[in-house]
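An overview of the molecular structure
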Amino acid sequence: MTTAHNLYQQDFYLWTEATAQQLRQGEFTQVDVANLIEEIESMGKREKRELKSRLIVLLMHLLKWMYQPGKRSDSWINTITEHRIALEELLEDSPSLRAFLPEVFEQCYQKARIKAAQETGIKLSTFPSQCSFGQDQVLEAGFFPEVLNR
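Residues numbered from 1 in each chain as written. Predicted model: local features only at pLDDT ≥ 70, side-chain atom pairs only at ≥ 80, totals over all residues. Heavy atoms only, no water.

A word on the overall build of the protein
The test is simple: Helix and strand definitions here come from DSSP, where helices need a minimum of 4 consecutive H or I residues and strands a minimum of 2 consecutive E residues; each element is numbered from the N-terminal end. We compute the radius of gyration over the C-alpha atoms and compare it with the globule rule, which gives 2.2 Å times the number of residues raised to the power 0.38. Should any heavy atoms of two residues lie within 4.5 Å, those residues are considered in contact. Note that accessible areas follow from Shrake-Rupley with a 1.4 Å probe, and for residues the cover is restricted to the protein chains shown. His is not counted, nor are the chain ends; Lys and Arg add positive charge and Asp and Glu add negative charge. To locate a charge, take NZ of a lysine, CZ of an arginine, CG of an aspartate or CD of a glutamate.
In terms of regular secondary structure, the protein is built from 6 helices and 0 strands. Counting from the amino terminus, the protein carries its helices and strands in the arrangement α-α-α-α-α-α. Here the C-alpha atoms of the protein give a radius of gyration of 21 Å, more than 25% beyond the 15 Å that 2.2 N^0.38 yields for 150 residues. Projecting the C-alpha coordinates of the protein onto the three principal axes gives extents of approximately 70 × 30 × 25 Å. Sequence-distant contacts, at least 24 apart, represent 67% of the contacts inside the protein between residues at least 6 apart. Of the accessible surface of the protein, which amounts to about 9300 Å², a share of 51% is contributed by carbon and sulfur atoms. Looking at charge distribution, the protein has the averaged site of its 17 positive side-chain charges lying 12 Å from that of its 21 negative ones.

As structure tokens, this is what we get:
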């Protein structure tokens, strides 16, 4: 006999289908509650990871835009736009993540500095230790940082 827990281990997709069906039919005593809780928590963590990942890439490209004006390209503009749109959609779908943004902004900026230094060959110390632009600017569709005089 296959239990709900075993089904979760053996065929995740089938488990999701069976769980959804049980919930729709009000068969709450049949639901694999422990794994359902784990999956719901995991969904929230995934949303946070996506926000951080997209913010890091966006910040990295804004730094590259700022420090390598001669290498600016449509590809960079497209990447910046793509990640802004994805972040906007993520925040529209899960508005409570907006409160998480200030919490991770500095951490994401530091990771973006490291990635920008690796990708450009520019020394890490060249990039400001504190972000030169604000969260709102980063997410603003038309914002592109000016070239710095180095």
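Remarks on helix H2 (residues 12-24)
As a reminder, the rule being used: A helix's residues, less one, multiplied by 1.5 Å, set its expected span. A 1.4 Å probe rolled over the protein chains alone gives each residue an accessible area, and that area as a share of the maximum for its type sets the label: buried under 20%, exposed over 50%, partly exposed in between. The directions from the helix axis to the C-beta atoms form the arc being described.
Spanning 13 residues, H2 covers 18 Å between terminal C-alpha atoms, matching the ideal 18 Å at 1.5 Å per step. Those residues of H2 that fall on the buried side of the exposure criterion are Trp15, Thr19 and Gln22. Taken end-on, H2 shows its buried residues confined to a sector of 60 degrees, consistent with a single buried face. Opposite the packed face of H2, turned more than 90 degrees from it, sit the exposed residues Tyr13 and Arg24. Trailing H2 by a residue or two, Gly26 shows a phi angle of about 75 degrees, which is positive.

Quick word on a negative patch on the surface
Threshold: Patches draw on residues past 30% relative accessible area with no salt bridge. Two like charges within 9 Å are joined, as are two nonpolar side chains (Val, Leu, Ile, Met, Phe, Trp, Tyr) within 5 Å. Definition used for salt bridges: Asp or Glu carboxyl oxygen within 4 Å of a side-chain nitrogen of Lys or Arg.
Residues Glu88, Glu89, Glu92 and Asp93 make up a contiguous surface patch of negative charge. Positionally, Glu89 belongs in helix H4 (residues 74-93). A relative accessible area of 45% places Glu89 in the partly exposed class.

Here we look at the packing of helix H3 (residues 33-67) against helix H5 (residues 101-120)
Rules: Geometry is summarised by axes, namely lines fitted to C-alpha atoms with helices restricted to the contacting stretch, and by angles between N-to-C directions that run from 0 to 180 degrees. Oblique is the label for every angle not falling under 35 degrees (roughly parallel), over 145 degrees (roughly antiparallel), or within 65 to 115 degrees (roughly perpendicular). By the definition used in this description, the sense in which the near helix is turned from the far one sets the handedness, with an anticlockwise turn below a right angle giving left-handed and a clockwise turn giving right-handed. Each residue is assigned to one class: nonpolar for Ala, Val, Leu, Ile, Met, Phe, Trp, Tyr, Cys and Pro, charged for Asp, Glu, Lys and Arg, and polar for all the others, Gly among them.
Between H3 and H5, whose axes approach to 7 Å, the crossing angle comes to 50 degrees. When the interaxial angle is binned, H3 and H5 end up oblique. Crossing hand, H3 versus H5: right-handed. Split into classes, the residues belonging to the contact of H3 with H5 amount to 13 nonpolar, 2 polar and 6 charged.

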